[in-house]
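Okay, here's what each chain looks like letter by letter:
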Amino acid sequence: MKAIVQERFGPPDVLELVDADRPEISAGQVTVRVRAAALNPYDWHMLRGDPHVARLMGGVGLTRPKCRVAGIDVAGQVESVGADVRGLRPGDEVLGFCHGSFAEYAHTTADLLVPKPAGLTFEQAAAVPMAAVTALRGIRTVGQVRAGQRVLVNGAAGGVGTFAVQIAAGLAAEVTGVCGTRNVDLVRSLGATHVVDHTREDFTDVRERYDVILDNVGNRPLSRLRRALAPTGTLVANGGGSPGRVFGAVGSMLRVIAVNGFVRQQLRTILPSAPAGPTQEDLLAVTALIEAGSLTPVIDRTYPLADTAEGLRHLEQGHARGKIVITMP
C-alpha cells in the first residue's frame with residue numbers, strides 16, 4: 001500500500017511516500033480503506049515531536065516517531081473487521097479517528113468510528129472528526145452555551161472555528177466571529193451575527209462583553225481576554241496549539257488553570273480530541289447536526305497523498321480557511 005512515512009522528527013520535508021506493508025489486523029481492530037484524511041495542528045506537532053515532554057511521556061516516541069505513518073482524522077470504507085468487532089461490516093462508509101491515516105489502509109477500533117452522513121463526500125467527512133468534536137466540546141460541553149447568550153469565537157475561520165460558529169448559532173446564541181479581512185464574508189455566512197476583523201480592531205478593547213469566549217488562537221493575554229468577558233462569563237481556551245505555538249499554548253493553559261480559582265469568571269481549557277473522552281458519543285452528535293443541515297464542513301484546499309508535505313507547509317502558515325484535506329490515490 002502507499003503511505004506517508006516519517007523515520008525521524010522534523011519538518012514536513014522528512015515525510016516520504018513509500019510502498020509499505022498493509023498492517024495486520026487484530027481481533028479488536030477495524031481496517032479502514034482510507035478515502036480522505038484531514039491535516040491538523042496535532043499532526044504537525046507529532047511530526048516535530050513537539051512538545052518534548054510528550055516524548056518523555058511516551059506519547060510520540062523518544063528519539064524517533066512512535067507511529068511512522070502520520071495522520072489521525074479519517075473518512076473511508078470498512079475493509080475488514082476483527083473477530084471481536086460488532087456493528088461494522090466491510091463496505092460501511094465511516095468517519096472518525098485512525099492513527100496512521102495518511103495511507104491507503106489504516107487500523108482503528110470500532111468505538112472511534114461512526115457512519116458517514118450520506119450527504120457528505122469523503123473529503124468533507126474527513127474534515128469533521130477532530131475539529132468538529134473539539135468545537136462541540138468547546139461550545140456545548142465546556143462553554144455550556146445557551147440561547148440568547150453573547151458568544152465570541154476567536155479564530156472563527158479556522159478548522160475548529162468554522163464548526164464552533166455554526167454550533168453556537170444553532171444553539172440560538174448571538175455569535176461574534178473574529179477573523180482576518182478575507183474571511184469576513186465566510187464567517188458571516190456560517191451564522192455569525194457580528195464579525196470582528198482582527199486586522200482593524202481588537203475585540204479585547206471592551207466595546208462588548210461576552211458570556212462565552214472560545215479562544216482558538218491564544219494571541220491575546222489572559223488579562224485582556226478577561227476584560228472582554230462578562231463578570232460571570234466563561235472563557236474556553238483551546239489548548240491544541242497552532243503550529244509553532246505549542247509552548248505558548250501550554251503556558252496559556254497553565255495561567256488559565258492558576259487564575260481560575262481566584263476569580264468569579266469561569267476559566268476553562270480544552271484539548272483537541274485526539275481522541276479522548278466520550279469520542280463516539282461526540283462524533284454521533286456532530287454527524288446528527290450535519291444530517292439535520294445545521295453543520296457543514298469548510299474545506300480550504302485538498303492535496304493528493306503524494307503532496308502531504310506541501311499541505312502541512314500550508315497548514316504551518318496558519319492561514320487556512322477551514323480544513324485542509326488529503327485525498328487518496
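Right, let's walk through the structure included here. These numbers come from a predicted model, not from an experiment.

Some thoughts on the overall build of the chain
Thought 1: Helices and strands together make up the secondary structure of the chain, namely 10 helices and 15 strands.
Thought 2: Sequence-distant contacts in the chain: of pairs separated by 6 or more residues, those separated by 24 or more amount to 68%.

Considerations on the nonpolar core
Thought 1: Within the largest apolar cluster, 51 residues are counted, with the highest numbers of intra-cluster contacts made by Val 128, Ile 139, Val 151, Val 165 and Val 187.
Thought 2: Residue contributions to this core peak at 7 residues, all from helix 4 (residues 129-142).
Thought 3: Apart from residues no more than four positions distant in its own chain, Ile 139 is found in contact with Gln 144, Val 145, Val 151, Ala 164, Ile 167, Ala 168, Leu 171 and Leu 214.
Thought 4: Counting 28 residues, the second-largest nonpolar core is a separate cluster that includes Ile 4, Leu 15, Cys 98 and Ala 320.

Some words on the side chain of Thr 287
Thought 1: Inspection of the secondary structure puts Thr 287 in helix 9 (residues 279-291).
Thought 2: Judged by relative accessible area, which is 5%, Thr 287 ranks as buried.

Here's the deal with the packing of helix 4 against helix 9
Thought 1: At a closest axis distance of 9 Å, the pairing of helix 4 and helix 9 adopts a crossing angle of 95°. Classified by the angle between their axes, helix 4 and helix 9 sit roughly perpendicular to one another. Taking contact as the criterion, the partners of Pro 129, Ala 132, Val 133, Leu 136, Arg 137 and Arg 140 in helix 4 are, on helix 9, Thr 279, Asp 282, Leu 283, Ala 285, Val 286 and Leu 289.

Structural notes on the pairing of strand 1 (residues 2-6)
Thought 1: Counting buried positions along strand 1 gives 4 out of 5 residues, so the element sits mostly inside the fold.
Thought 2: Direction of pairing for strand 1 relative to strand 2 (residues 15-19): antiparallel, over a ladder of 5 bridges. Within strand 2, the residue paired with Lys 2 across the bridge is Asp 19.

What to know about the pattern of salt bridges
Thought 1: Evaluated as defined, the whole model comprises 15 salt bridges.
Thought 2: Arg 200 is paired through a salt bridge with Asp 197; the nearest N and O atoms lie 3.6 Å apart.
Thought 3: Judged by relative accessible area, Arg 200 falls into the exposed class, the value being 69%.
Thought 4: By sharing partners, the salt bridges in this structure join Asp 202, Asp 205, Arg 220 and Arg 224 into a single network.

Looking at the packing of aromatic side chains
Thought 1: Applying the stated rule across the entire model yields 0 aromatic pairs.
Thought 2: Seen from the ring of Tyr 105, Arg 22 lies directly overhead, with NZ or CZ sitting 4.2 Å from the centre.
Thought 3: Arg 33 extends its terminal NZ or CZ atom over the ring of Tyr 105, reaching a point 5.4 Å from the ring centre.

Side note on unusual backbone geometry
Thought 1: One non-glycine residue, Gln 144, lies in the positive phi region at around 50°.
Thought 2: Within the secondary structure, Gln 144 is located in the loop between helix 4 and strand 8 (150-154).
Thought 3: Gln 144 gets classed as exposed once you look at its relative accessible area, which sits at 52%.
Thought 4: Although it is not a glycine, Ala 172 sits at a positive phi angle of roughly 70°.
Thought 5: Structurally, Ala 172 is set in the loop between helix 5 (159-170) and strand 9 (174-179).
Thought 6: Ala 172 gets classed as partly exposed once you look at its relative accessible area, which sits at 47%.

Topic: the sheet that holds strand 10 (residues 194-197)
Thought 1: Ordered in space as 10-9-8-11-12-13, the 6 strands form an open sheet in which the pairing is parallel. At either margin of the open sheet sits one strand with a lone partner, and together these are strand 10 and strand 13 (266-270). Strand-to-strand twist of the sheet, defined as the mean angle between neighbouring strand axes without regard to direction, takes the value 15°.
Thought 2: Bridge count between strand 8 and strand 11 (residues 210-215): 4 bridges; the pairing is parallel. Bridge pairing in strand 11 places Val 151 opposite Val 212.

Cut-offs applied
- All residue numbers refer to position in the chain's written sequence, counted from 1.
- Whole-chain, interface and lining totals are the exception, using all residues; otherwise, since this is a predicted model, local features are given only for residues with pLDDT of at least 70 and side-chain atom pairs are given and counted only at 80 or more.
- In computing side-chain properties, one takes all heavy atoms of the structure into account and sets aside hydrogens as well as water.
- Secondary structure counts use DSSP, requiring at least four H or I residues in a row for a helix and at least two E residues in a row for a strand, with both numbered from the N terminus.
- In this description, contact between two residues means that some pair of their heavy atoms is separated by no more than 4.5 Å.
- Nonpolar core, defined: a set of buried Ala, Val, Leu, Ile, Met, Phe, Trp, Tyr and Cys residues in which side-chain atoms within 4.5 Å join the residues together.
- Accessible area is worked out with a 1.4 Å probe on protein chains only. A residue is then buried under 20% of its type maximum, exposed over 50%, and partly exposed in between.
- Interaxial angles span 0 to 180 degrees and are taken between N-to-C directions of axes, which are lines fitted to C-alpha atoms, for helices over the stretch in contact.
- Should an angle lie under 35 degrees it is considered roughly parallel, over 145 roughly antiparallel, and from 65 to 115 roughly perpendicular; all remaining angles are considered oblique.
- Paired strands, in this sense, are two strands between which DSSP finds at least two bridges.
- Salt bridge, as applied in this entry: a Lys or Arg side-chain nitrogen positioned within 4 Å of an Asp or Glu carboxyl oxygen.
- Note on aromatic pairs: the rings of Phe, Tyr and Trp (six-membered ring only in Trp) are paired at centre separations within 6.5 Å, and the planes decide the class, stacked below 30 degrees, edge-to-face beyond 60, tilted for the rest.
- Geometrically, a lysine NZ or arginine CZ counts as sitting over a ring once it is within 6 Å of the ring centre and also within 35 degrees of the ring normal.

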